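# Coordinate analysis (summary)
Letter by letter, the chains look like this.
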Amino acid sequence: MAAPKKVCVIGSGNWGSAIAKIVGANAAQYDQFDTTVNMWVFEETVNGRKLTEIINTDHENVKYLPGHKLPPNVLGVPELVDSVKGADILIFVVPHQFIVRVCDTIKDHIKKDAVGMSLIKGIDASPEGLKLISEVIRGKLGITMAVLMGANIANEVAEEKFCETTIGCKDKTYGSMLKELMQTTNFRVTVVEESDVVEICGALKNIVAVGAVLLHGLPRLPLPPSWRAAASLTSSPPATGGRNRKIGEAFARTGKSIEQLENELLNGQKLQGPATAMEVHEILKQKNMVDKFPLFAAVYQICFNGHPVAEFIQCLQNHPEHK
Ligand SMILES: NC(=O)c1ccc[n+]([C@@H]2O[C@H](COP(=O)([O-])OP(=O)(O)OC[C@H]3O[C@@H](n4cnc5c(N)ncnc54)[C@H](O)[C@@H]3O)[C@@H](O)[C@H]2O)c1
Ligand SMILES: O=P(O)(O)OC[C@H](O)CO
């Protein structure tokens, strides 16, 4: 029988911890996985104790996923290089702004035949154009990559509410292995081969989520309730408690900057929607296509250029599709 596959979860934020809860339970249950699951923890001090010590003693990430026990076989590791040693499966789940540094740190320390799976929502924008985060990782590490994306809110998944998600994986053998690692009774996994589509939809969805929330935050526009409901249907997570919703509502209400609200309200968690709107805006500008995506442009202008939230309606009224 093949040696059990060793898993490392790279990241221990809100989603990283919720995922470690699932992966730890499945690794303990299925023979094809090594029981111990490493989880890289960006070390910090919480209530006078190291976060790794809290995780490894109390089995709870009290800062990023309070109120949920992690399986005891999930081991918090503060050194990134140590955490990935010997791992056959690398699950990438850090905020997207940190991924390049993570890859540069581990590139000489991973197994060459490891398989990676990115749970990171976002894109990489540079003067060379748009790159998917999985492409960035593949380019840096030279490993096979899959992705997992869904309308998933970490706290809901940790509470074991019924949710579905999609693994995008071009290789069917890896696809079924990753499904066994991720699926539970209440976290249902579909595997498809169109990995790039799954990934770009996961990233762009966060911009739409911010847009839907900004609309909800508009107090006196003559929008019928059905319109607001339709907006939220395009992305149900912000309607049920995501961070895009929390910050989007506060932004529309207070007029404070996104950065200030992230610092004030998220306790170290990172908001992804507005950052993705900025990166997508860069790409659209490069390609002279800003006018073709008025919703993305409006989210960018409102979040970063001081445009009034009420401008959202004009952008939709003037959408090229209606001309
Ligand atoms: N939270 C969710 O509900 C959810 C759901 C689906 C997908 N995602 C995606 O998962 C990814 C990770 O999000 P999350 O919710 O786990 O993170 P998070 O926003 O909760 O936490 C921030 C994490 O970044 C770490 N960090 C801070 N500074 C760092 C640095 N300099 N280098 C490396 N790490 C640093 C913190 O220790 C913490 O673990 C994101 O791309 C997000 O879009 C999140
Ligand atoms: O908590 P949010 O708003 O960042 O959403 C997290 C996920 O991306 C939702 O799918």
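Residues numbered from 1 in each chain as written. Chains lettered and ligands numbered in written order. Predicted model: local features only at pLDDT ≥ 70, side-chain atom pairs only at ≥ 80, totals over all residues. Heavy atoms only, no water.

## Quick look at the site of ligand 1
- Residues in close proximity to ligand 1 total 25 residues, the closest being Asn14, Trp15, Ala154, Arg243 and Lys270.
- Separating an oxygen atom of ligand 1 from a backbone N or O atom of Ala154 is a distance of 2.8 Å.
- One of the backbone N or O atoms of Lys270 is found 2.6 Å from an oxygen atom in ligand 1.
- Here ligand 1, which alone exposes 840 Å², has 92% of that area covered by the protein.
- Under a 2 Å grid-point criterion requiring more than half of the atoms, the pocket assigned to ligand 1 is the largest pocket.
- When residues of the shell around ligand 1 are assigned to their parent elements, the largest contribution, three residues, is made by helix α1 (residues 14-29).
- Looking at the shell around ligand 1, its residues break down into twelve nonpolar, eight polar and five charged. (Near = heavy atom within 4 Å. Polar contact = N/O pair within 3.5 Å; in protein donor to acceptor, adjacent residues only side chain to side chain. Areas by Shrake-Rupley, 256 points an atom, 1.4 Å probe, with all protein chains shown as cover. 1 Å grid on protein atoms, 1.4 Å probe; cavity = no way out; pocket = protein on both sides within 12 Å on 5 of 7 lines; lining within 4 Å. Sits in = over half its atoms within 2 Å of the grid points. Helix = DSSP H or I, 4+ residues; strand = E, 2+ residues; numbered from the N terminus. Nonpolar A, V, L, I, M, F, W, Y, C, P; charged D, E, K, R; others polar.)

## Some words on the UniProt feature "binding site: NAD(+)" (unreviewed entry) in the protein chain
- Here, the residues flagged by UniProt with the feature "binding site: NAD(+)" (unreviewed entry) are Gly11, Ser12, Gly13, Asn14, Trp15, Gly16, Phe42, Phe98, Ala154, Arg243, Lys270 and Gln272. From this annotated list, the subset lining the largest pocket comprises Gly11, Ser12, Gly13, Asn14, Trp15, Gly16, Phe42, Phe98, Ala154, Arg243, Lys270 and Gln272.
- On the secondary structure map, Trp15 appears in helix α1.
- Apart from residues lying up to four places away in sequence, Trp15 is in contact with Val93, Leu119, Leu148, Asn152, Ala154, Val157 and Phe187.
- Tracing the sequence through the fold places Gln272 in the loop between α12 (258-265) and α13 (273-286). (UniProt positions renumbered as here; feature names shortened; annotations may be inferred. Contact = heavy atoms within 4.5 Å.)

## Overview of the site of ligand 2
- Ligand 2 sits among Lys121, Gly150, Ala151, Asn152, Lys205, Asn206, Gly242, Arg243 and Asn244.
- Within the backbone of Gly150, an N or O atom sits 3.3 Å from an oxygen atom of ligand 2.
- Within the complex, 91% of the 300 Å² of free accessible area of ligand 2 lies under protein.
- The cavity that encloses ligand 2 is the largest pocket.
- The class makeup of the residues in the shell around ligand 2 is one nonpolar, five polar and three charged.

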